[in-house]
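Remarks on the overall topology
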Amino acid sequence: MIQSSKHSKSAILLIYTGGTIGMKEDPVEQTLKPFDFEQILSEVPELGKFACKIDSRTFSPLIDSSDVEPSNWLELTRLIEEEYDNYDGFVILHGTDTMAYSASALSFMIEGLTKPVIFTGSQLPIGAPRTDGKENLISAVEIASAKDEQGHARVPEVCICFDNVLMRGNRTTKINADNFRAFRSANWPLLAEAGISIKYNTPAIRIPEDWNSKPIFHNKLDTRVSILKIHPGITPSVVREILCGTQTRAVIIETYGAGNAPSKGWFLSMVREAAAMGKILLNVTQCIAGGVNMEIYATGKGLKEAGVVNGYDSTTESALAKLFYLMGEIESDTDVKKYLETNLRGEISK
Ligand code: ASP
């Protein structure tokens, strides 16, 4: 535990799950390996200057986020639930590869959030000379502890803080494997920007209906989802395998542009066949920005008529997490479809 304050104002729980931010080079194997979290803290003495108490928890074992599973989301949610009354905000250090999935998942699994849950990580290990990890961590802690004049959290949302910008978690996608600006929120404005000071974009930030009520923590996930990414040359056998597979309850169809798919007879009849089998079919666009409108082109209309649900401007990461959450909570497919088209946590513009 780090006690870093003379006048404790806020208490932050830092949860270290793994990822590049806590890596160092293994001189023998010449690969990056995770190291003890205490070493991250010694790398960032600036954290001691905050007027807040910072406690930490470390995942054991630490995980490269490419290994993240829904069980890790359940673990994070459980930890936040257990510690909810003890802290003013939560900072989750996580690998960048699946950070957008994890942030999306937690946004659905915690309903009625009144405190910040800020994910961050880095492209370079925190010990590296040009690391982005320090800045990301310091900004995340500052944002997680920020309060307004009424004493309410400035950002009571699940967010990603990266390269001086704060984004709604369920709107983000990892868009760059090299640059420090690794994430993008194409369909929702930034929630805050860190320059000389941190500027909050208050109108874009969601606030809870009741600041005093405790969130509902959901812990049931149904992962029977697959993703069909449409591409030129896709064959009937591949489409059938994904759309009509017996192990899935839902299929996300990643379509072109405004929600378009091939207009060929075999394609639409397979979509109809999957719908008749009772599959929940959700249309999201492959485009990084903008969303689905199944009214514009005949190809999109065909999907709508076949019973495909509109994913609007959802990211694929958010669509997947939302399906896991809704299907875990709700038995009726009709209700799952209704909520898919409902804006629950600011994940779609509707
Ligand atoms: N593979 C790493 C991970 O996602 C990359 C990173 O941390 O950015 O855990």
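Above: the structure in question.
Since this is a predicted model, take the numbers as computed values, not measurements. (Residues numbered from 1 in each chain as written. Predicted model: local features only at pLDDT ≥ 70, side-chain atom pairs only at ≥ 80, totals over all residues. Heavy atoms only, no water.)

Once that is clear, we can look at the overall build of the chain. Across its full length, the chain holds nine helices and 18 strands. Radius of gyration (C-alpha) of the chain: 21 Å, near the 20 Å computed for a compact globule of 350 residues. Burial analysis of the chain (350 residues in total) assigns 54% to the buried set. Intrachain contacts of the chain at a sequence separation of at least 6 include 74% that bridge at least 24 residues. Summed over all atoms, the accessible surface of the chain reaches about 15500 Å², with 49% contributed by carbon and sulfur. Each charge class in the chain was averaged separately, 36 positive and 44 negative side chains, and the resulting centres sit 4 Å apart. (Helix = DSSP H or I, 4+ residues; strand = E, 2+ residues; numbered from the N terminus. Rg over C-alpha atoms; globule rule 2.2 N^0.38 Å. Buried < 20%, exposed > 50% of the residue type's maximum accessible area, 1.4 Å probe, protein only. Contact = heavy atoms within 4.5 Å. Areas by Shrake-Rupley, 256 points an atom, 1.4 Å probe, with all protein chains shown as cover. Lys, Arg positive; Asp, Glu negative; His and termini not counted. Charge placed at Lys NZ, Arg CZ, Asp CG, Glu CD.)

The immediate surroundings of the ligand are formed by Gly19, Thr20, Asp64, Ser65, Gly95, Thr96, Asp97 and Ser122. One of the side-chain nitrogen or oxygen atoms of Ser65 is found 2.5 Å away from an oxygen atom of the ligand. Isolated, the ligand exposes 260 Å² of accessible area, and the fraction of that covered by the protein chains is 89%. Of the residues assigned to the shell around the ligand, the class counts are no nonpolar, six polar and two charged. (Near = heavy atom within 4 Å. Polar contact = N/O pair within 3.5 Å; in protein donor to acceptor, adjacent residues only side chain to side chain. Nonpolar A, V, L, I, M, F, W, Y, C, P; charged D, E, K, R; others polar.)

Further remarks concern the pattern of salt bridges. The full count for this structure, using the stated rule, is 15 salt bridges. For Glu254, the salt bridge is made with Lys229, and the minimal N-O distance between the two is 3.9 Å. One end of the pair, Glu254, is in strand β16 (residues 250-255); the other, Lys229, is in strand β15 (residues 225-229), and 25 residues separate them in sequence. (Salt bridge = Lys/Arg side-chain N within 4 Å of Asp/Glu carboxyl O.)

Within the secondary structure, Ser56 sits in strand β4 (residues 52-58). With relative accessibility at 16%, the residue Ser56 sits in the buried group. Sequence separation of Ser56 and Val91 is 35 residues, and the distance between their C-alpha atoms is 9.3 Å.

What follows covers helix α7 (residues 298-305). Among the residues of α7, Thr299, Gly300, Gly302 and Leu303 are the ones counted as buried. Relative to the axis of α7, the buried residues are bounded by an arc of 155° and lie together on one face. The exposed set on the far side of α7, more than 90 degrees from its buried face, consists of Ala298 and Glu305. Looking at the buried residues of α7, the elements they touch are β16, α6 (265-276) and β17 (280-285). Positive phi shows up at Gly307, right after α7, with a value of about 100°. (Arc of directions from axis to C-beta.)

Attention now moves to the nonpolar core. Membership of the largest hydrophobic core comes to 52 residues, with the highest contact counts inside it found for Ile80, Leu106, Val117, Phe119 and Leu323. At eight residues, the largest contribution of residues to this core is made by helix α8 (residues 316-329). When sequence neighbours within four positions are dropped, the list of residues in contact with Ile80 reads Ile15, Phe90, Ile92, Leu106, Ile110, Val117 and Phe217. (Core = buried A, V, L, I, M, F, W, Y, C linked by side-chain atoms within 4.5 Å.)

On to the packing of helix α5 (residues 236-243) against α6. Contact geometry for α5 and α6: axes closest at 10 Å, N-to-C directions at 15°. Put simply, α5 runs roughly parallel to α6. Note that α5 runs across α6; the crossing there is right-handed. Contact residues: Pro236, Val239, Arg240 and Leu243 in α5; Trp266, Phe267, Met270, Val271, Glu273 and Ala274 in α6. (Axes fitted to C-alpha atoms, helices over the stretch in contact; angles between N-to-C directions. Parallel < 35°, antiparallel > 145°, perpendicular 65-115°, else oblique. Left-handed = near helix turned anticlockwise from the far one by under 90°.)

Turning to helix α4 (residues 133-145), a few remarks are in order. The terminal C-alpha atoms of α4 lie 18 Å apart, and with 13 residues this matches the ideal 18 Å at 1.5 Å per residue to within 8%. Within the span of α4, buried status applies to Gly133, Asn136, Leu137, Ile138, Ser139, Ala140, Val141, Ile143, Ala144 and Ser145. (Expected span 1.5 Å × (residues − 1).)

Glancing now at the environment of Val165. The residue Val165 is located in strand β9 (residues 165-168) in this model. C-alpha of Val165 to C-alpha of Gly300: the two residues are 135 residues apart in sequence and 35 Å apart in space. Apart from the residues within four sequence positions on either side, Val165 is in contact with Ile160, Arg181, Leu190, Ala192 and Glu193.

With that settled, consider the pairing of β16. Judged by how many residues are buried, β16 sits mostly within the fold: six of six residues are covered. Going residue by residue along β16, you find Ala250, Ile252 and Glu254 tucked away on one face and Val251, Ile253 and Thr255 tucked away on the opposite face as well. The pairing of β15 with β16 spans five bridges and is classified as parallel. Looking at the pairing, Ser226 lines up with Val251 of β16. Note on the crossover from β15 through α5 to β16: the handedness is right-handed. As judged from the six bridges shared by β16 and β17, these two strands associate in the parallel manner. By the bridge assignment for β17, Ala250 is matched with Ile280. Note that the unit made of β16, α6 and β17 has a crossover that is right-handed. (Pairing = 2+ DSSP bridges. Right-handed = clockwise from strand over helix to strand, strands pointing away.)

All right, on to the side chain of Arg249 then. Relative to the elements of secondary structure, Arg249 occurs in the loop between α5 and β16. A distance of 3.2 Å separates polar atoms of two side chains, one belonging to Arg249 and the other to Asp222. Not counting chain neighbours up to four residues away, the residues in contact with Arg249 comprise Asp222, Arg224, Gly278, Lys279, Ile280, Met327, Ile330, Glu331, Ser332, Asp333 and Val336.

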